[in-house]
There are 2 protein chains.
Amino acid sequence: MRRAFVSALLFAATTLPAFAQSGARLHEYIRPFVGTKGEGNTYPGPSAPFGMVQLSPDTDHELWDTASGYEYSDTSIMGFSLTHLTGTGIPDLGDFLFIPQIGPVKLEAGTKADPSAGYRSPFTHDTEEASAGYYKVRLDKPGVVVELTAGERAGMMRMTFPASDDASIMTDLHHMLTGKKWKVAWSRVRVEDASTVTGFHLTNGWAKERPIYYAARYSKPFDRFQIYSDGKPVIYNTRRFRSAREAAGTNLQFVAGYKTTAGEKITVKVAVSGLSAAHALQNLDAEIPHWDFEKLRDATRAKWDQELSRIQIEGTQEQKETFYTSVYHAFLAPNLYQDSTGEYRGFDQNTHLAKGFTNYAIFSLWDTYRATHPLFTLVQRDRNRDMINSMLAHYDQSVDHLLPIWSLQANETWCMVGYHAVPVIVDAFLKDPKGFDGKRAFAAIKRTATNPDYDSVAAYDKLGWVPFEQENESVSKTLEYAYDDYCVAQMARALGLKDDEAYFRRRAGHYRNLFDPSVGLMRGRDAKGQWHSPFDPHHYDEDAGVNDFTEGTSWQYSWYVPHDVPGLIGLMGGRTKFTAKLDELFTFTEADKSTGVSDIQGRIGEYWHGNEPSHHIIYLYSMAGQPWKAAERLREVVTTQYGSKPDSLSGNDDCGQMSAWYIFTCLGFYPVCPGSNAYVIGAPQVPKATMRLSNGKTFTVTANGLSKENFYVQSVRVNGKPLERPILPHSALEDGGTLEFTMGPKPSEWGKGGMEETKP
Amino acid sequence: MRRAFVSALLFAATTLPAFAQSGARLHEYIRPFVGTKGEGNTYPGPSAPFGMVQLSPDTDHELWDTASGYEYSDTSIMGFSLTHLTGTGIPDLGDFLFIPQIGPVKLEAGTKADPSAGYRSPFTHDTEEASAGYYKVRLDKPGVVVELTAGERAGMMRMTFPASDDASIMTDLHHMLTGKKWKVAWSRVRVEDASTVTGFHLTNGWAKERPIYYAARYSKPFDRFQIYSDGKPVIYNTRRFRSAREAAGTNLQFVAGYKTTAGEKITVKVAVSGLSAAHALQNLDAEIPHWDFEKLRDATRAKWDQELSRIQIEGTQEQKETFYTSVYHAFLAPNLYQDSTGEYRGFDQNTHLAKGFTNYAIFSLWDTYRATHPLFTLVQRDRNRDMINSMLAHYDQSVDHLLPIWSLQANETWCMVGYHAVPVIVDAFLKDPKGFDGKRAFAAIKRTATNPDYDSVAAYDKLGWVPFEQENESVSKTLEYAYDDYCVAQMARALGLKDDEAYFRRRAGHYRNLFDPSVGLMRGRDAKGQWHSPFDPHHYDEDAGVNDFTEGTSWQYSWYVPHDVPGLIGLMGGRTKFTAKLDELFTFTEADKSTGVSDIQGRIGEYWHGNEPSHHIIYLYSMAGQPWKAAERLREVVTTQYGSKPDSLSGNDDCGQMSAWYIFTCLGFYPVCPGSNAYVIGAPQVPKATMRLSNGKTFTVTANGLSKENFYVQSVRVNGKPLERPILPHSALEDGGTLEFTMGPKPSEWGKGGMEETKP
C-alpha cells in the first residue's frame, strides 16, 4: 500500500510543515491500515463516520486476533463483507461476503494454507490501496480488481473483470466472523428481479441472536443466477419446493453469473438493515439512487473532512497521518443502527421508531468511557447526545433493567465489567446538562447501579466489596463499581438529590475495602473479609477460571481509583511512596509470564498500554507532583506505540479508545476521571492543535518549543493565565480559549505541587 | 366426551324436530371431536371463526396421520399448543406448548408408550369435553384440569391445580408439529415481568421458514421461574451471559413455578403474532383486557351462533350436529393472519399493512376451490373478498409472480398441483364483480397461468399437455390446468378481453390431448406424443417417484373435466357408455392394492370420497341424465361417511372441503364447476335449509317428503317454477328465493334429460 507507508521521521530536525487550514483535504491523512497488523484489530475497508456499513476484505473468520476479519500478514482474501467491528478483541459481524470468481463456482472459502481449495484468493499488498472511503485490491486468482466505498447504510463494490464466459459474483450468507464456535443459525436469500437480491441471516455469535438483512442491486442484470443450499443448487423440484428464486436454510450462497469482456466493470450496490429486507432495500435506494462510485466515495470523504476538521493539528506528515487516523478510528464507532425510516431493532428485538434522536449501537463501554466519550463530549456533542438517548432506549427495552454493558446491535454481550454507561452519561450531563432528560437518565443509572441480579452488586452494596469466592474478577468489579458510583453521586449532586448523593458517595469509597496495607495493593476478599491467599500481585491468567482481576494484575488494578487519587495516595503512604511505586510498575517484568494475554502488548514493565486498565496510569505522575515522569512515559508510548503503519497499534483499538488516548495525549491533557469535570495535564505531542468545540467555540493548544528533545513542560497558561497545578477544569475550555505550553529539554519545577490535596 | 356422543338415529322414524329459529343456540350442535379419530385430522380445541389461534391438545407431533396434533385414539397428551391446522394431510404449527406439571420439571415429552418418561400425561375421554369455544380435560399425571378457550388472536388456558409446593406451567418453545423431519431453527424467550412472558420461534417445517411470536400473561405472579436451554437451566454466568430472564437458542423451555392450594385456578392468557413479541402482546391486551374465562368463551360462542345462522337447517339432532359441525369446520380456515394493528408478515417476509382488507393465510386451495370458497361466495362474501385480496397481496409479494398454491402463513408450501387460486377468484368475480379489483386480479391470474417457471406450464402451453417424462403428476396437472384455464377464459370474457379469452379457451380444451381412446381413459404422454407404457389405470403409488396422477388413479382422474362434461361424455362415447363407466368406478376394487394411500379412505369401489379428486364425480350422474344414481351414492356417502362422532370423517377435512361437500350436498346442489355460475342438482339430505345470503337475501331449500326411504328427487321447483334439468344457475338464487324438492322412494323421470348438451 503505497500511500500508507510514506516514511517520515516523527520530528524532522528542521522546520515543521506549515499548518494549511484552508483547502485542507484532511481525509488524505487517513491511513486505514493502521492497526490491521497485530493486535489493533481494525479493518482497512471504507466506512462513513459512525456508519452502519463497513465494507472490508476478510482474510480470516475464526481467530480472535483477527476480530475485524482482516490481518495484514495474511496473504489471501476470502471476500468482502458488509459489516465490521473496529478494534474489538472478539469477532462478530462480517455479514454477507461478496467474492468474484472465474470458472466453476466454489462455495467454501478454502484455507489460508490452500486458497485454491475454495473461493479464497491470494493477493499482495502491491495491488492494495486503502484511504478514506475507499479500498482497492486485485484478487490474483480470478484476476478481478475489487474497489469498495461506503456511505452510512449502503456501499458500493466495483469489480473489474477479465474476459470470461464464466465470471460470477458470489454472496456467501453462511459467512460471518464466527470465532470458531459460533454460527449462522438461519438465513434466506431472494432474487427480487433480474438485478436485485435481498437476503437475511440470523447469527448466533458473540451477539447471541442477531438478525440482519441486506439488499444488493447489480449494475448489470444477471446473465444467469443460482442459489445454493448446503452445497447443492436450489432448483425446481417437482415434488417439493418449486422456486429457484428464493431459499431458506443455514448454509446459503447466491451466485450472479456473467459473461464479461476484458476490463468490464460490474458494480454492486449494497445496504443492510436490522429490520427487514424491505428496510435494507429502502436504505439502499434512499442513500445511493445513482451508480456513480466516485460520487459516493467523494461524499464520504467530504464527511471525513468535516469530522476531522473538528480537531486540526500542525505537525509532520507522519504526525498528521497518525493523528487524523486516530481521529478516524475514534469516529468509526458507536455505529448508526437505524434505518432511513427512523426505525431500528430494539434491545427487546421489537421494531422501534427513534423519536428525537438517532439510534446508535455497538457500545464498547468498558473501553470508551475513558477517553472516547469525553472526546465526543467536546467535539461530537450532538452525536454523544444521540448515543446517550440510544442507551436510555436500550435501558427501557432491557428485560434486566440495565443500561448497556457491551451492547452489539440489539444484543447485550455482557462483555467486561462495571456499569460504564454511567460515567458516559454523567460526564456528558455535567458538561451538557440540556443534552438529554437528566431525570430519566438518573432513574436508569440508579436502577442499573443497584440491580441485584448483576454481577454481585448486591453483595458489593452490603459488604463494601465483591467477595471473590462468589464472583469472578471481584477486585476489578469492586474498583470499577466504586468509580461508577462516584459518577452517580456527581449526577445526584447536580440534580439536588442529597440522599442519592450520600448513598453513592459512600459506595464510591468502597475501593478502600480492598486495599491490603500489608502488601500495599488491591487484593481480593471473601465475604467474611479474609484476604485471598495465596496472593501473587503479578498474576494474571484469564483461562484459569477464578481470577480477581479483569484482564490484568493487582499491580495494574491497584491504580484504579480515578475518582479519589488523593485517597489512593494516602493509602499508599503519601506521594513519595506513591510515585516510587509507580516507578516500579514501569520496570516490573513478572507479569509477562502470565498466560492468556498474548493480545495485550505495548508493555513497559507491567504497564500494558495495549489494554485499557493502564490508560490513566501515566497521568497519575502529574497528579502526584511528578509531571516530568508523565512527560517521559507519554513520549515513550506515543513514539513507540503509535504511528501510521499497519502494526502501529499495540493493542485492540477497542472501538477507538486506544486512538482517543492518543488524541488527548497529543493535546496535552487527559480525562483521568470522566464525571469530575477536570482533565489532568500531561505533555503535548504536537506543536499546535485547534479544537472546534461542539458549541461553536474554538480552543487552541500550543506547545511552544516542542521538539524531539523538548518534551518536558516548563510552564502552562490557560486563557492567558498561568496554570500552576496539572489540573485543567472543563470550565476553562468549554467556552473556547487557549492552552499554551512552553516546552523544554529538561524537567522543570512546573507542576511539582501536583493536584490539590482534595478529591478532583 | 358426553355431549358429542348423543346417540340418535340419522332419520328418526317419526316426526322431525321443529325448527327453532328464534333463540337458537346453534353453537351447541358443534361437535369438535368430529374428524379427530382416523383420517379427518381435525383438532378438538377451541377456535373463533377463521381465527388466528386454535388452542388445542397435542397427542402427537410426528405422524402425518395426526397432522392436527390430536388423535382420538391416543391415550396421553403432550400439552396444549396455540396454533393448529384443520384437516390437512401434513403437520405443521403446534406453536408454543403449555403443560402443567407437579414435582420435578420434565423438559421432554416422553413417548406414547411411556408417558412417565416426560411431561406427557395420560388422560381419558371420560374427563374430556369439547364444544364451541371450549375444551376441557383432566391430566391424570399432575392431576390438573385444563380448560381452553380462544378468541381471534388470543386465548385463555385455565388450570385447576392440586395442592402442591412444586406446581408449574411449562412452555416448550421446542415443540411443534414436525412430522419427524422438521425442526425449530431458532427461538427466544423473555420474562417481561413477574407475570408476563414473550417468546418466539422460527420453524423449519412444512412451511420452510416460519417465524411466530407469542405473549403470555399469567393470572398469578410466578413464585419462581426458570428458563432452560438444551436441557440446562439458564442461570447467571459470571463469564458470559448474565441474565436468567431471557435466552435464545434452538431448544428452550420456560417454567413458571407455583405453590398451589387444592383447587387453585391459574389462568394464562396467550396470543400470537407473525411479526414480533410486541405485536403479540398488543394482540393479547387488545383482545382480552380482562381475566374472565367464561366471558371470552361466550363471546366466541356468540360469534359461532352468528356464523352458523347463515345456513340453518331442520333435521334430527344428529343431522344438526353433523351439519353445524360441518359448517364449523368449513369456517375454521383460511385463518386470520394479521395483528390488531392491521400489520402482517407478507409472503416476502416483510411487514405489510393490510389496506382495505383483512389478511388471511393458510390456503389449501387444491381442496377448497371446489366447494369451500363457492360456499363462502354465498354466505361469507365479505370474508371471501378479504381472502382474495389477501391472495392478490400474496401475488404482489411473490418472487415467483404466482398466486398462492398452498400457502401457509408467509410461506408457499408448493403442495399439490394446478393454480387453483384462479377458480376461487374467478368464481367470486363472476358472482360478486365489485368485491375486488378485477383488472388487478386478472393480471395476477394471467401471469400465474402463464408462468414459465411453474410446473411445466410452458410445455403444457406449447404441446397441449404436460409431458410425463418432464414432470411428475403430468396428467393431473394437465387436466387441472385446463380447468383453471377455463376459469381464466370466463373472467377474460367478463372483462371483455377477447384475445385472452380465446387463448385460455383454447388451453381449456387441452384435456382432450390426454384422453387415450384406445383405453377410454386419461393417460400420460411424453413430449413426442407417445402414450405412457405400461399403463395401469388403477395404479397409484405416491412413493414410487414418477407418477402421472396426483393422489389418485387414471380411473379417478379421467372424470376431471368439470368445465366440459359434455365434451368428456363425447370422448367417452356418449351418455350410455359414460354412465356405465361411472357405474364401474363405484364397483372396482383394484386400486385398493395401491400403496401409500392409507390416509385416503371413504372408498366405494375406486371412488375415494376421502380425497378431493372424487368429490365432483357423483354429480356427473346428474349431468349425464341419471340423477337417481347420484341420489343413491350421495345418500350412501352422507350416511356412511359423515356424522357426529370422532371417526365420522373418511378423509382429511382439508381446511373444510370435506365439510363443504357435505353442506352443499345436504342442500341438494353442488358447484361441480366453480367459475361456471352453475350448480348441479344432486339430492337434498335435510328437510329444510335456510341460507342467509351475504347480500341479505334469503334462499330456502325444502325437501318435501324426505325420509330414510324417500331420497330420490321426484321434481324440483325454483322460485316456484319447475326446473327440468339438474342445473341450478347462480342467478336463480343470488337474489334469494326458494328451491323446492319433492322426494320419493323410487327413481323418477325427473332429470333424465341431464344437462343441456352445451358446456355449463
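Our structure's up above, just so we're on the same page.
Figured I'd write up the structure that's included with this text. The structure presented is a predicted model; accordingly, all values stated were derived computationally and were not measured.

## Here we look at the overall build of chain A
Thinking step 1. Within chain A, the secondary structure is distributed over 17 helices and 38 strands.
Thinking step 2. Its C-alpha atoms give chain A a radius of gyration of 26 Å, within 12% of the compact-globule value 27 Å for 760 residues.
Thinking step 3. Projected onto its principal axes, the C-alpha coordinates of chain A cover approximately 80 × 60 × 50 Å.
Thinking step 4. Among the 760 residues that make up chain A, the fraction classed as buried is 69%.

## Description of helix 6 (residues 381-397) of chain A
Thinking step 1. For helix 6 of chain A, which comprises 17 residues, the first-to-last C-alpha distance of 24 Å matches the rise-based estimate of 24 Å (1.5 Å per residue) to within 8%.
Thinking step 2. Burial within helix 6 of chain A is extensive, with 13 of its 17 residues counted as buried.

## Quick word on the pattern of salt bridges
Thinking step 1. Applying the stated criterion across every chain, the model contains 74 salt bridges over all chains.
Thinking step 2. The partner of B:Arg210 in a salt bridge is B:Asp92, with the nearest N and O atoms 3.4 Å apart. Within this pair, whereas B:Arg210 is found in strand 13 (residues 210-218), its partner B:Asp92 is found in the loop between strand 3 (79-81) and strand 4 (97-102), the two being separated by 118 residues in sequence.
Thinking step 3. Among the ionic pairs, B:Arg523 bridges to B:Asp516, the shortest N-O distance being 2.7 Å. Considered together, B:Arg523 and B:Asp516 belong to a single accessibility category, that of buried residues.
Thinking step 4. Linked by salt bridges that have partners in common, A:Arg242, B:Asp455, B:Glu471 and B:Lys477 make up one network.

## Some words on the sheet that holds strand 36 (residues 721-722) of chain B
Thinking step 1. The mixed open sheet is built from six strands, whose spatial order is 19-33-34-38-35-36 (chain B). This sheet does not close on itself; its edge strands, each paired only once, are strand 19 (311-314) and strand 36 of chain B.

## Quick notes on the relation of the copies chain A and chain B
Thinking step 1. Relative to chain B, chain A is turned by 180° and slid 0.0 Å along the rotation axis, the superposed coordinates differing by an RMSD of 0.0 Å. Such a turn and shift between the copies fits a two-fold axis. When C-alpha positions in chain A are compared against the rotation axis, the closest is assigned to A:Ala185, at 3.5 Å.

## Observations concerning the state of the cysteines
Residues and elements named next belong to chain B.
Thinking step 1. Counting across every chain of the model gives zero disulfides over all chains.
Thinking step 2. Here Cys415 is not cross-linked by a disulfide; its sulfur's nearest cysteine counterpart is in Cys655, at 10 Å.
Thinking step 3. Using a relative accessible area of 2% as the deciding quantity, one classes Cys655 as buried.

## Re the pairing of strand 16 (residues 246-249) of chain A
Residues and elements named next belong to chain A.
Thinking step 1. Burial along strand 16 is two-sided: Glu246 and Ala248 and Ala247 and Gly249, pointing in opposite directions, are all buried.
Thinking step 2. Here four bridges tie strand 11 (residues 183-193) to strand 16, and the two strands are oriented antiparallel to one another. Directly across from Ser187, in strand 16, lies its bridge partner Gly249.

## Overview of the interface of chain A and chain B
Thinking step 1. The interface is formed by 50 residues belonging to chain A together with 51 residues belonging to chain B.
Thinking step 2. For the chain A and chain B pair, buried surface summed over both sides reaches about 4,300 Å², with 46% attributable to carbon and sulfur atoms.
Thinking step 3. Contact with chain B buries surface across chain A, with A:Trp186, A:Arg242 and A:Val399 losing the most and accounting together for 17% of the total.
Thinking step 4. Put simply, chain A and chain B have four salt bridges between them.
Thinking step 5. Linking chain A with chain B are 24 residue pairs in polar contact (both at pLDDT 80 or more).
Thinking step 6. Elements represented by at least two residues in the side of chain A that touches chain B include exactly strand 11, strand 12 (196-204), strand 16 and helix 1 (277-287) of chain A.
Thinking step 7. The element that contributes the greatest number of residues to the side of chain A that touches chain B is strand 11 of chain A, accounting for eight residues.

Definitions and limits used
- Residue positions within a chain follow its written sequence, with the count starting from 1.
- Going through the entries in the order they are written, you letter the chains from A and number the ligands from 1.
- Restriction of local features to residues with pLDDT of at least 70 applies here, the model being predicted, together with a cutoff of 80 or more for giving and counting side-chain atom pairs; totals for whole chains, interfaces and linings are based on all residues.
- The side-chain figures draw on all heavy atoms in the structure; neither hydrogens nor water molecules are used.
- Strands here are runs of E lasting at least two residues and helices are runs of H or I lasting at least four, both read from the DSSP assignment and numbered beginning at the N terminus.
- Our radius of gyration is a C-alpha quantity, and the globule rule it is checked against amounts to 2.2 Å times the number of residues to the power 0.38.
- Residue exposure (1.4 Å probe, protein chains only): buried if accessible area is under 20% of the type maximum, exposed if over 50%, otherwise partly exposed.
- The span expected for a helix works out to 1.5 Å for each residue beyond the first.
- Counted as salt bridges are all cases of a side-chain nitrogen of Lys or Arg within 4 Å of a carboxyl oxygen of Asp or Glu.
- When DSSP locates at least two bridges between a pair of strands, those strands are taken to pair.
- Alignment of copies: least-squares fit on C-alpha atoms of residues with pLDDT of at least 70 in both copies.
- Note on terminology: pairs of cysteine sulfur atoms within 2.5 Å are recorded as disulfides.
- In what follows, a contact means two residues having at least one pair of non-hydrogen atoms within 4.5 Å.
- Buried area, as used here, totals the accessible surface that two parts lose on assembly, with accessibility defined by a 1.4 Å probe and the loss added over both.
- Residues adjacent in sequence count toward polar contacts only when both atoms are side-chain atoms; beyond that, a polar contact is any pair of N or O atoms within 3.5 Å, and within protein one must be able to donate a hydrogen and the other to accept it.

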